[in-house]
Amino acid sequence: MILIDIGNTRIKWAEQQAGNLGKMHALAYLNANIDLLLGAAWQQLSKPESIYLACVGAQRIKQQVMYIAYQLWPDIIIQEITTQKYAHGVRNAYPDYTRLGVDRWLSMVAAYHYYTRPVCIVSCGSALTLDIIDELGQHLGGMIMPGLNLLQQALSKGTANLNSCSEQYPRGLANDTQAAIYNGNLNAIKGFIEQGLAQYKNPVQLILTGGDAEFLADSLKLVAIIDARLVLKGLSLVAKE
Ligand SMILES: Nc1ncnc2c1ncn2[C@@H]1O[C@H](COP(=O)(O)OP(=O)(O)O)[C@@H](O)[C@H]1O
Ligand SMILES: CC(C)(COP(=O)(O)O)[C@@H](O)C(=O)NCCC(=O)O
């Protein structure tokens, strides 16, 4: 089986054999030749009996990914997983549960299943999302802000004199523009996480996932579990139903 998570920046996938989820692979697709790169990567895989896919990216990217799979394995069964109201002990807080991103939903299902509860999941991807689930599996809701990369791009797009900042700088008050942007963005993210955690009365287990999880955990000195495969783990649980 292949499990696929299509985000707004990267396509992530892993093979699952005999119930064991393998290593996660990722393709940053925004300026990439998806057909060539994904086709080449998947050619190395043995033919899967099925594919489970979750997508918060554009529909055309999903179609492209499915097309590549059908070209390699014409009779493959591809099952798209969408957000549920309830699964594996977790109850979605959104009144219209379909509106919650499926990546957030699958991360919650996996976090509640594998880690100590209550649990707070912060996904550090294109967007930064934060969700809290209590001891009983009730999703209390969440928050969304631009991810690190989008925060950096926003200033350069909306101002005449600021460029996006790609380097790392010492933390604290800065005396040059790049370091000031860097510190502003990191502090915004720190406040987002602290304020999110403060919404819950008791201590919660913090879990970080997504492409910037390790960098943010290090830079913000967060006491957290980092699990890059959280969405894929949730996909695996839901696929087994
Ligand atoms: N090799 C990489 N290519 C692109 N982005 C990366 C890479 N490594 C880390 N990142 C960071 O990870 C973010 C994407 O994380 P990811 O969790 O895959 O997001 P999404 O689920 O939105 O596609 C990017 O915005 C970027 O800041
Ligand atoms: C918030 C998101 C854009 C995050 O996507 P990502 O950063 O993983 O690409 C995605 O989960 C989404 O489109 N959610 C729908 C809105 C919601 O969850 O409320």
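Residues numbered from 1 in each chain as written. Chains lettered and ligands numbered in written order. Predicted model: local features only at pLDDT ≥ 70, side-chain atom pairs only at ≥ 80, totals over all residues. Heavy atoms only, no water.

1. Considerations on the overall build of the protein
- Along its length, the protein carries seven helices and 13 strands.
- Taking 18 Å as the expected radius of gyration for a compact globule of 241 residues, we find that the protein reaches 19 Å, a close match to that expectation.
- Per-residue burial over the protein gives 47% buried out of 241 residues.
- Taking all contacts inside the protein whose residues are at least 6 apart in sequence as the whole, residues at least 24 apart take part in 55%.
- Computed over 19 positive and 19 negative side-chain charges, the separation of the two mean positions in the protein equals 3 Å. (Helix = DSSP H or I, 4+ residues; strand = E, 2+ residues; numbered from the N terminus. Rg over C-alpha atoms; globule rule 2.2 N^0.38 Å. Buried < 20%, exposed > 50% of the residue type's maximum accessible area, 1.4 Å probe, protein only. Contact = heavy atoms within 4.5 Å. Lys, Arg positive; Asp, Glu negative; His and termini not counted. Charge placed at Lys NZ, Arg CZ, Asp CG, Glu CD.)

2. Some points on the site of ligand 2
- The full set close to ligand 2 counts 14 residues, and Asn8, Tyr94, Asp103, Arg104 and Ala127 are the nearest of them.
- More than half of the atoms belonging to ligand 2 lie within 2 Å of the grid points that define the largest pocket.
- Elements supplying a minimum of two residues to the shell around ligand 2: helix 3 (102-114) and strand 10 (127-133).
- Counted by class, the shell around ligand 2 contains five nonpolar, six polar and three charged residues.
- Both of domain 1 (2-80) and domain 2 (86-239) provide at least three residues apiece to the shell around ligand 2. (Near = heavy atom within 4 Å. 1 Å grid on protein atoms, 1.4 Å probe; cavity = no way out; pocket = protein on both sides within 12 Å on 5 of 7 lines; lining within 4 Å. Sits in = over half its atoms within 2 Å of the grid points. Nonpolar A, V, L, I, M, F, W, Y, C, P; charged D, E, K, R; others polar. Domains from an automatic or database assignment.)

3. A few points about the nonpolar core
- Counting 30 residues, the largest nonpolar core has Trp105, Leu106 and Leu235 as the members making the most contacts within it.
- If one sorts the elements of this core by residue count, helix 3 sits on top with eight residues.
- Residue-level mapping places this core at the junction of two domains, with at least three residues from each of domain 1 (2-80) and domain 2 (86-239).
- The contact partners of Leu106, leaving out residues within four places of it in the chain, are Ala54, Ile81, Leu230, Val231, Gly234, Leu235 and Val238.
- Counting residues in each nonpolar core, the second largest holds 26 residues, with Cys120, Met145, Phe192 and Leu216 among its members. (Core = buried A, V, L, I, M, F, W, Y, C linked by side-chain atoms within 4.5 Å.)

4. Regarding the UniProt feature "binding site: substrate" (unreviewed entry) in the protein
- In the numbering adopted here, UniProt assigns the feature "binding site: substrate" (unreviewed entry) to Tyr94, Gly101, Val102, Asp103, Arg104 and Thr177. Spanning 84 residues, the annotated positions stay apart in the fold, the maximum distance between their C-alpha atoms being 40.0 Å. The subset of the named residues that lines the largest pocket consists of Gly101, Asp103 and Arg104.
- By relative accessible area, Tyr94 is classed as partly exposed at 27%.
- Excluding residues that lie within four positions of it along the chain, Val102 makes contacts with Ala54, Cys55, Val56, Ile81, Thr82 and Thr83. (UniProt positions renumbered as here; feature names shortened; annotations may be inferred.)

5. Concerning the site of ligand 1
- Around ligand 1, the neighbouring residues are Gly7, Asn8, Thr9, Arg10, Lys12, Ala28, Gly125, Ser126, Asn149, Gly210, Gly211 and Asp212.
- Note that an oxygen atom of ligand 1 is positioned 2.8 Å from one of the backbone N or O atoms of Thr9.
- In this structure, Ser126 approaches ligand 1 through a side-chain N or O atom, which is 2.4 Å from an oxygen atom.
- Bound to the protein, ligand 1 loses 72% of the 570 Å² it would expose on its own.
- A domain split of the shell around ligand 1 shows at least three residues from each of domain 1 (2-80) and domain 2 (86-239). (Polar contact = N/O pair within 3.5 Å; in protein donor to acceptor, adjacent residues only side chain to side chain. Areas by Shrake-Rupley, 256 points an atom, 1.4 Å probe, with all protein chains shown as cover.)

6. So, the UniProt feature "active site" (unreviewed entry) in the protein
- In the numbering used here, UniProt assigns the "active site" (unreviewed entry) feature to Asp103.
- Structurally, Asp103 can be placed in helix 3.
- Residue Asp103 is classed as partly exposed on the basis of its relative accessible area, which comes to 23%.
- Among all residues touching Asp103, those that are not within four sequence positions of it are Asp5, Val56 and Val231.

7. Points about the packing of helix 4 (residues 148-158) against helix 5 (residues 177-198)
- Running from N to C, helix 4 and helix 5 point in directions that differ by 135°, and their axes come no closer than 10 Å. With respect to helix 5, the axis of helix 4 lies oblique. Seen along the crossing, helix 4 lies across helix 5 with a hand that is right-handed. Listed contacts from helix 5 to Leu148, Leu151, Gln152 and Leu155 of helix 4 are Ile181, Asn185, Leu186 and Ile189.
- Here the contact of helix 4 with helix 5 is built from residues that sort into six nonpolar, two polar and no charged. (Axes fitted to C-alpha atoms, helices over the stretch in contact; angles between N-to-C directions. Parallel < 35°, antiparallel > 145°, perpendicular 65-115°, else oblique. Left-handed = near helix turned anticlockwise from the far one by under 90°.)

8. Here we look at the sheet that holds strand 9 (residues 119-124)
- Taking strand neighbours across the sheet as the criterion, the five strands line up as 11-10-9-12-13 in an open arrangement whose pairing is mixed. Each edge of the sheet is formed by a strand with only one pairing partner; in this case those strands are strand 11 (139-146) and strand 13 (225-226).
- Note: strand 9 against strand 10, six bridges, orientation antiparallel. Opposite Val122, over in strand 10, you have Leu130 as the bridge partner. (Pairing = 2+ DSSP bridges.)

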